[in-house]
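Residues per chain are reported as follows:
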Amino acid sequence: QYFGDINDYRKYGLLRCFVEVGFALGVCWMLTPNGTSNDGQKTRYLQQPSQWRGFDPELFDFLSSCVMNSARAVRHLEDSALLSNTRYCSDLLGDDAASRAILIRSALRSLSPSDLLFFDPDNGLEVKSAAYGSRGSSKYIYWDEVQQAWKTGASLLIFQHFNREPRLALVERLSAELARRTSSPLVASIHTAHVIFLFACQSRHRGAFESARELIAHRWTGQATVDIQHTAY
């Protein structure tokens, strides 16, 4: 439903930057069944190649072809060569706590060893109104799961929608909690127009992260900004 929209273009473009500088990537899609809303219709950018194609021409052409041919599913990205040295977990995630716990444990095993684990929940990090295992909980990643992922030794990248909370306050709050939960020496946020990505860096990946940061700044000028939120260096 969302595949190929403007948020996907930026998201996959950022992942390509991390892969290009040497990160072995593990992707946990955290897929949920399609909803009944009109979300995922932000594809008008594909009709404006002069404005958008230049950020990542290869990715733009791929997504344009997918949307044009109604091939809107992450498996098409997995089958392409756009993300090299990448492993995927594409299982559907439900609300049931027991089956969810099994899926996350299995995902972490299958995605190991990875330098960077990317989690792509529908909404982002847990909220008080959606307790673990409750209805709608599949739209979130929970802090206990973040800590499990961190213990694998990988750096982490987490998708986060903006909500009604002021953006700066949201980023500062979640970044501080991510630093506390992981004891990461460096936590960063990658800002785009509609969503952010929170990054927790393992010590050994500091150099690769700086290379990714430079590449993102060069390739995605005006579309993505990387800010250091917490650092112990």
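Residues numbered from 1 in each chain as written. Predicted model: local features only at pLDDT ≥ 70, side-chain atom pairs only at ≥ 80, totals over all residues. Heavy atoms only, no water.

Q: Any chance you could explain the side chain of T86 here in plain terms?
A: Summarising the element assignment, T86 is placed in strand β2 (residues 86–89). Contacts of T86, omitting those with residues within four sequence positions, involve V19, L25 and V27. (Helix = DSSP H or I, 4+ residues; strand = E, 2+ residues; numbered from the N terminus. Contact = heavy atoms within 4.5 Å.)

Q: I keep staring at the packing of helix α1 (residues 6–20) against helix α3 (residues 57–68) and nothing clicks. Help me out?
A: The relative placement of two packed helices comes down to the angle between their axes together with the axis-to-axis distance. As a packed pair, α1 and α3 sit with axes 10 Å apart at the nearest point and diverge in direction by 140°. With respect to α3, the axis of α1 lies oblique. Handedness of the α1/α3 crossing: right-handed. Counted together, Y9, Y12, G13 and R16 of α1 and E58, L59, F60 and L63 of α3 form the full contact between these two elements. Here the contact of α1 with α3 is composed, by residue class, of five nonpolar, one polar and two charged. (Axes fitted to C-alpha atoms, helices over the stretch in contact; angles between N-to-C directions. Parallel < 35°, antiparallel > 145°, perpendicular 65-115°, else oblique. Left-handed = near helix turned anticlockwise from the far one by under 90°. Nonpolar A, V, L, I, M, F, W, Y, C, P; charged D, E, K, R; others polar.)

Q: Help me understand unusual backbone geometry, please; the structure alone is not making it clear to me.
A: A negative phi angle characterises most non-glycine residues, just as the trans form characterises most peptide bonds. Note that the residue after S112, namely P113, is joined by a cis bond; omega there is 0°. Following the sequence through the fold, P113 ends up in the loop between α5 (97–110) and β3 (116–119). At S70, a residue that is not glycine, the phi angle is positive and equals roughly 55°. Residue placement: S70 occurs in the loop between α3 and α4 (74–79).

Q: What exactly am I supposed to notice about the sheet that holds strand β8 (residues 195–201) here?
A: Two strands in a sheet stick together by hydrogen bonds in their backbones, pointing the same way (parallel) or opposite ways (antiparallel). If you walk across this open sheet you meet the seven strands as β2-β1-β3-β6-β8-β7-β9, and the pairing is mixed. Each edge of the sheet is formed by a strand with only one pairing partner; in this case those strands are β2 and β9 (225–231). Averaged over neighbouring strand pairs, the angle between their axes works out to 20° when direction is ignored. As defined by bridge partners, β3 adjoins strand β6 (residues 155–161) across four bridges and the pair is classed as parallel. The residue bridging F118 from the neighbouring strand is L157, located in β6. Sheet strands in contact with helix α6 (residues 143–150) are β3, β6 and β8, and its direction is about 155° off that of β6. In the packing of helix α8 (residues 206–219) onto the sheet, the strands contacted are β7 (186–191), β8 and β9, and the crossing angle to β9 comes to about 150°. (Pairing = 2+ DSSP bridges.)

Q: Looking at this structure, I do not really get the packing of aromatic side chains. What am I missing?
A: Any two aromatic rings considered together are summarised by their centre-to-centre distance and by the angle between their planes. Considering all chains together, one arrives at 17 aromatic pairs under this definition. Considering the side-chain rings of Y9 and Y45, the 5.3 Å spacing of their centres and the 20° angle between planes classify their relative orientation as stacked. Linking Y9 in helix α1 with Y45 in the loop between β1 (25–28) and α2 (49–52), this pair joins segments that are 36 residues apart in sequence. Grouping residues by exposure puts Y9 and Y45 together as buried. Site record: aromatic cluster; members linked through ring pairs are Y9, Y45, W52, F55, F60 and W220. The ring of F162 has R167 lying over it, and the distance from NZ or CZ to the ring centre is 3.9 Å. (Phe/Tyr/Trp six-rings, centres within 6.5 Å; stacked < 30°, edge-to-face > 60°. Buried < 20%, exposed > 50% of the residue type's maximum accessible area, 1.4 Å probe, protein only. Lys NZ or Arg CZ within 6 Å of the ring centre and 35° of its normal.)

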